[in-house]
Amino acid sequence: MNLKNNLLNQAVKLALATTTAGLFMSGSVLAEEAEKTQVNKHVEKIAVVGTRSAPRSIGDSPVPIDIIGGEELGKSGNTDMLELLKGSVPSFNVHQNPISDAASLVRPANLRGLPSDSTLVLLNGKRRHRASVIAFLGGGINDGAQGADISVIPSIALKQVEVLRDGAAAQYGSDAIAGVMNFVLKDASEGGSFEVRQGEYYEGDGDTTQISGNIGLPFTDNGFANLSFQYKTADATSRSVQRADAAALAEAGVPDVSPLAQVWGAPEVNDDISIFGNIGLELTNDSEFYMFGNYSERDVRGGFYYRNPNTRPGVYGVQLYELDGTGSPVLDANGDQVPLTDANGANRFDRLVADMTGDFSGNCPITDDMNQGGLDINDTQGLQDVINNPDCFVFNEMLPGGFTPNFGGNITDTSLTIGTKGEFTGGYLKGAFYDLSGTVGLNESRYFIYDTINASLGAESPRDFSPGKYSQLEKNFNFDLSKGFDWGLAYDVNIAGGLEWHEETFTVTSGDEASFIAGPLTEQGFSIGSNGFPGFKPSDAGEYTRRNYAAYVDVEAPFTEDFLMGLALRFEDYDSFGSTTNYKLTGQYHVTEDLNIRGSISTGFRAPTVGQANVSNVQTNLSSGVLVDSALLPPTNPIAVQLGGTELEPEESQSYTFGAVYTIGDLFLTIDYYNIQVEDRISQSDKIELSQADKDTLDAAGVPNVQSLAQVSFFTNDFDTTTQGVDLVANYAADLLGGSSTFSFAYNWNDTEVTRSSDITGAFKVSRLENDLPNHRATLSWAQQWESFSAFTRLNYYGEYQGVHVDYDATAKTADAAVTLDAEITYFLNEEISFSVGAQNLLDQDAEELDFFDSTDIPNNNWGGKYYETSPYGINGGFYYVKATYTF
């Protein structure tokens, strides 16, 4: 297209002057294409993100950009886009999050040590909508984060991924504090590929099947329609040992105890399908129409915490409290009842028994208001008498060995962008480029919880529930202009400006009645709602909307052939908290033909999401190793306000980078230092213990299961951080071993310090923010190609990190550094068909093992895991795969 050629003319001139093989160039091409690669190996990769001017080579960009080609993304054994990026961008981290509520369904990721919603995600340069999932249990760093769902994007649909490692809120708006990731879809009008991949972990689980395809079609004589799909399924994994309490119950003869009561591992993923389309049509010589979008859906089901048949409050047991000589409860200094404990310091329970007669005439050993007069948990004959009494009921009749809920969801994601762009051919704007577009994106997560009960319904309780649904709907309209002006400088001064309108709606849909209803046993102390994830009541349902508009101006001025400067200003106004103005100043100077220096100074912001401001939820989590229920409340809820909550305000950031680009021969080297200061960061508060007075207030406000709640949390702007680090990238191309070789080295040092916090954040939360991610990450890749074979290997280095299990500070330790190896070999049968075999974590490097099972300092450590959850390379070990590809 003429328009596209005009846009790329300047980029090509700039690119041909550089001498690099490009970042992460793949070696899997045929002999004929190898010759083409040799001719073009001195042309650097071209990036669109980070500039409003013509696309620019990454070596001439004043800010650091990584470009990962589509072929490189296909070189990893993992089929998840998050894992693919983690292997290519060292400052990008993602955890597997076993037993993490909604964070298991849409995994949050971290760029430069900041939460997932501090990185702006673009698709073909247009803002991507957020996921509906809020990571309530996000492993410290991502607690409360609501970022985009990157995992729906299949690698086969991508031409390349551009990762701008620099704050860019002044250019792109909210969320671009850590950087920007732009996923560029393929736009070929012919050809395509079809791929089948099968693999599993060395342990023999996690069997994964993926079928994907891409095809380019002509769209009339002047356009293209490029379509891609991906379908995959993945079995669950388990890296678990039997819980000590479950093993003791089985040994004592308790029936129906699962041989593996609690599973730590990757969830099961079924019918994961993604369809992406990208369409372009040249309308005239100076304008074109474009449209792209997706439909994606998947079902996810993972493990949850085991419910012990002796101690689970509200189902099997009732907590005992100390009484004074008059039979009144003993209160502590805060006015709370003092739990009764045994000789080992463990809380004491009576068995929870229900009288089913309606008039309490069943002679059942029920507890009174002081939790007295019940059945001792160790009275086995008393338990049998209750079971034999038709007027009494205990859940040991239904589920004698306890139960372990499974948590899951159905995630759907759709988006559509339609626009037109072109060049004005007359008037004052002659030669100016315009881009007018509209985008709508919807992400929905319908939750399910299986193999659990609503205890208040007794024996009539169903076992599976749908607790409700979250939806995130976003609409964007953008109008952008860009024009070059000849002001007598080395090249034209490019001035860009634009307007944006954005609407964000977060919707809570109530669950099925059984998931939230208060059944007939409620007054006898049995918990309400689906155990582990009570459903959203109709009174919880609602739709929350916020709108904002923005205006920006962006100037790039090449003062000389060697000196470029840029300035961006952006004004944004929200109908909730007001307006904000941000700037970015960039510069680049060519010291010599081979060396240039670059840097930037910018401010940024991240607006609180509508979901963070309004969501409420009840969840089950471990607190100090004990299974408890906790409530997440809106920050403006009266209880949250009483505990320190306030209306959320935007995060604000200041950042700067300074670096250098060095090119000599076939060696391309960049090094960049960055410093990001974020004030008033939004996160989930520490879980605060509820007093009896708090519970009474919540009860009056209609919150279910109040008396069984132990903790409450809310979102808050409660702390400041400073994150600094260094990125180093080196690439070298040479003819070796009778073929063509490309070597790539990337290293990241990242350090985060919490510079301000309060008791709401909590000391352990601070430690997790500062220490959970490794300070040092590095990758070394070697791509080798011959006439009929290609090979790809990558060493991954992970420095020391803080090992944490079940979000409990007593489990934390400094875990060792580790190295993993990925490898793939491809044989080209002919020009169309190739076969590959490969492995991720080829040497089966295990994660750091848990080592506190016999510790007397960590009570109730019946958690069943083998490895620390925070392992940066996961807990599942080595994964091998085979792949067949047909290219046409």
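Residues numbered from 1 in each chain as written. Predicted model: local features only at pLDDT ≥ 70, side-chain atom pairs only at ≥ 80, totals over all residues. Heavy atoms only, no water.

**A word on the overall build of the protein**
Next, step 1: Along the protein, the regular secondary structure elements total 11 helices and 41 strands.
Next, step 2: Relative to a compact globule of 888 residues, whose C-alpha radius of gyration would be 29 Å, the protein shows 29 Å and is just as compact.
Next, step 3: With the C-alpha coordinates aligned to their principal axes, the bounding extent of the protein is approximately 95 × 60 × 50 Å.
Next, step 4: Of all 888 residues assigned to the protein, the portion counted as buried reaches 59%.
Next, step 5: In the protein, 71% of the contacts between residues at least 6 apart in sequence involve partners at least 24 apart.
Next, step 6: Of the roughly 33,300 Å² that the protein leaves accessible, carbon and sulfur atoms contribute 54%.
Next, step 7: Of the side chains in the protein, 53 bear a positive and 120 a negative charge, and the two mean positions are spaced by 6 Å. (Helix = DSSP H or I, 4+ residues; strand = E, 2+ residues; numbered from the N terminus. Rg over C-alpha atoms; globule rule 2.2 N^0.38 Å. Buried < 20%, exposed > 50% of the residue type's maximum accessible area, 1.4 Å probe, protein only. Contact = heavy atoms within 4.5 Å. Areas by Shrake-Rupley, 256 points an atom, 1.4 Å probe, with all protein chains shown as cover. Lys, Arg positive; Asp, Glu negative; His and termini not counted. Charge placed at Lys NZ, Arg CZ, Asp CG, Glu CD.)

**With respect to the state of the cysteines**
Such a bond, covalent and formed between the sulfur atoms of two cysteines, is termed a disulfide.
Next, step 1: Overall, the coordinates contain one disulfide when judged by the stated rule.
Next, step 2: The residue that forms a disulfide with C364 is C392, at a sulfur-sulfur distance of 2.0 Å. Because the torsion about its S-S bond is -100°, the bridge between C364 and C392 counts as left-handed. One end of the pair, C364, is in the loop between β17 (354-355) and β18 (375-376); the other, C392, is in strand β19 (residues 392-393), and 28 residues separate them in sequence. (Disulfide = S-S within 2.5 Å.)

**Things to note about unusual backbone geometry**
Note on backbone geometry: most residues besides glycine have negative phi, and most peptide bonds are trans.
Next, step 1: Non-glycine residue D680 carries a positive phi angle of around 60°.
Next, step 2: By the secondary structure assignment, D680 is in strand β31 (residues 667-684).
Next, step 3: Residue classification places D680 among the partly exposed residues on the basis of a relative accessible area of 29%.

**Points about the pattern of salt bridges**
Here the idea is simple: oppositely charged side chains can pair when their charged atoms come close.
Next, step 1: Counted under the stated rule, the structure contains 35 salt bridges.
Next, step 2: One salt bridge in this structure joins D851 and K813, with 3.1 Å as the shortest N-O distance. On the criterion of sequence distance, the pair formed by D851 in the loop between β40 (833-840) and β41 (879-887) and K813 in strand β38 (residues 813-815) is long-range, its members being 38 residues apart.
Next, step 3: Relative accessible area serves as the criterion here: at 25%, K813 is assigned to the partly exposed category.
Next, step 4: Through salt bridges with shared partners, one network takes in R127, R130, D175, E500, E504, R546, R570 and E572. (Salt bridge = Lys/Arg side-chain N within 4 Å of Asp/Glu carboxyl O.)

**With respect to the packing of aromatic side chains**
Next, step 1: Under the counting rule described, the total for this entry stands at 32 aromatic pairs.
Next, step 2: Taking 5.2 Å as the distance between ring centres and 40° as the angle between the ring planes, the aromatic pair formed by Y470 and F506 counts as tilted. Of this pair, Y470 sits in strand β22 (residues 465-485) while F506 sits in strand β23 (residues 493-510), placing them 36 residues apart in sequence.
Next, step 3: Owing to a relative accessible area of 0%, Y470 belongs among the buried residues under this scheme.
Next, step 4: A relative accessible area of 0% means that F506 is categorised as buried.
Next, step 5: Relative to Y873, the ring of Y798 has its centre 5.2 Å away and its plane inclined at 45°; by these criteria the two rings are tilted. Taken together, the positions of Y798 in strand β36 (residues 789-798) and Y873 in the loop between β40 and β41 put the pair 75 residues apart, joining distant regions of the chain.
Next, step 6: On the accessibility criterion, Y873 (13% relative accessible area) is buried. (Phe/Tyr/Trp six-rings, centres within 6.5 Å; stacked < 30°, edge-to-face > 60°.)

**With respect to the sheet that holds strand β15 (residues 317-319)**
Next, step 1: Pairing is antiparallel in the open sheet, where three strands are placed in the order β15-β16-β18. Taken across any chain shown, the strands that pair with only one partner, and hence form the sheet edges, are β15 and β18.
Next, step 2: Sheet topology places strand β16 (residues 349-351) next to β18; two bridges connect them, and they run antiparallel. Note that in β18 the partner of R351 across the bridge is L375. (Pairing = 2+ DSSP bridges.)

**Focus on the nonpolar core**
Next, step 1: Ranked by internal contacts, the top residues of the largest apolar core, which has 34 residues, are Y447, Y470, F506 and V615.
Next, step 2: Looking at this core, the elements with two or more residues in it are β20 (406-423), β21 (433-450), β22 and β23.
Next, step 3: Among the nonpolar cores identified, the runner-up in size contains 32 residues, and I68, L82, V94 and Y674 belong to it. (Core = buried A, V, L, I, M, F, W, Y, C linked by side-chain atoms within 4.5 Å.)

**Remarks on the confidence of the model for the protein**
Next, step 1: Overall, the prediction assigns the protein a mean pLDDT of 87, with 91% of residues at 70 or greater.
Next, step 2: Note that residues 1-43 has pLDDT below 50 and, in this model, 99 contacts with residues that lie over four places away or in other chains. (pLDDT = per-residue confidence, 0-100.)

**Quick notes on the sheet that holds strand β6 (residues 119-123)**
Next, step 1: Pairing in this open sheet of five strands is mixed, and the strands run β3-β8-β9-β6-β7 from one edge to the other. The open sheet terminates on both sides in strands that have one partner only, identified here as β3 (65-69) and β7 (126-127).
Next, step 2: Helix α4 (residues 81-88) contacts β3, β8 (158-164) and β9 (179-185) of the sheet and is inclined by roughly 115° relative to β9. (Axes fitted to C-alpha atoms, helices over the stretch in contact; angles between N-to-C directions.)

**So, a negative patch on the surface**
Next, step 1: A cluster of like negative charges, contributed by E647, E649, E652 and E679, occupies part of the molecular surface.
Next, step 2: Summarising the element assignment, E649 is placed in the loop between α9 (638-642) and β30 (651-664). (Patch = residues over 30% accessible without salt bridge, like charges linked within 9 Å, V, L, I, M, F, W, Y side chains within 5 Å.)

**Focus: the environment of A47**
Next, step 1: The residue A47 is located in strand β1 (residues 46-47) in this model.
Next, step 2: C-alpha separation for the pair A47 and R197, spaced 150 residues apart in sequence, amounts to 30 Å.

**So, the pairing of β31**
Next, step 1: Here 13 bridges tie β30 to β31, and the two strands are oriented antiparallel to one another. Bridge pairing links F658 to Y673 in β31.
Next, step 2: Counted between consecutive antiparallel strands, the loop separating β30 from β31 contains two residues, among which G665 sits at a positive phi close to 60°.

**Things to note about a nonpolar patch on the surface**
Next, step 1: A grouping of F194, V196, I215, L217, L227, F229, Y231, I275, Y295, Y886 and F888 is seen on the molecular surface, where their side chains present a nonpolar patch of about 890 Å² in accessible area.
Next, step 2: Elements that contribute at least two residues to the nonpolar patch include exactly β10 (192-201), β11 (208-218) and β12 (223-234).
Next, step 3: In terms of residue count, the dominant contributor to the nonpolar patch is β12 (three residues).
Next, step 4: With respect to the element layout, I215 can be found in strand β11.
Next, step 5: By relative accessible area, which is 31% here, I215 ends up partly exposed.

**Notes on the side chain of T779**
Next, step 1: You can see T779 is positioned in strand β35 (residues 776-785).
Next, step 2: Judged by its relative accessible area of 2%, T779 is buried.
Next, step 3: When neighbours within four sequence positions are excluded, T779 is seen to be in contact with G87, P90, S744, F745, A746, R794, L795 and N796.

**Quick notes on the pairing of β36**
Next, step 1: The pairing of β35 with β36 spans nine bridges and is antiparallel. Within the sheet, the bridge partner assigned to A783 lies in β36 and is F792.
Next, step 2: Note that β36 and strand β39 (residues 818-828) share 10 bridges and pair antiparallel. Considered in β39, the bridge of F792 is made with E824.

**Things to note about helix α6 (residues 244-251)**
Next, step 1: Within α6, the full set of buried residues consists of D245, A246 and L249. Taken around the axis of α6, the buried residues stretch over an arc of 100°, which confines them to a single face. Those residues of α6 that are exposed and aimed more than 90 degrees away from the buried face are A244 and E251.
Next, step 2: Where α6 terminates, the next one or two residues include G253, which has phi positive at roughly 95°. (Arc of directions from axis to C-beta.)

**Things to note about the environment of L585**
Next, step 1: Checked against the element boundaries, L585 lands in strand β26 (residues 578-590).
Next, step 2: Relative accessible area serves as the criterion here: at 34%, L585 is assigned to the partly exposed category.
Next, step 3: With 18 residues separating them along the chain, L585 and T603 place their C-alpha atoms 9.4 Å apart.
Next, step 4: When near neighbours in sequence (up to four residues on either side) are disregarded, L585 contacts M565, G566, L567, G599, S600 and I601.

**Focus on the environment of G431**
Next, step 1: Along the chain, G431 turns up in the loop between β20 and β21.
Next, step 2: Once the C-alpha coordinates of G431 and V152 are considered, the two residues, 279 residues apart in sequence, prove to be 38 Å apart.
Next, step 3: Those residues within four positions of G431 in sequence are excluded, and the remaining contacts are E423, F424 and K483.

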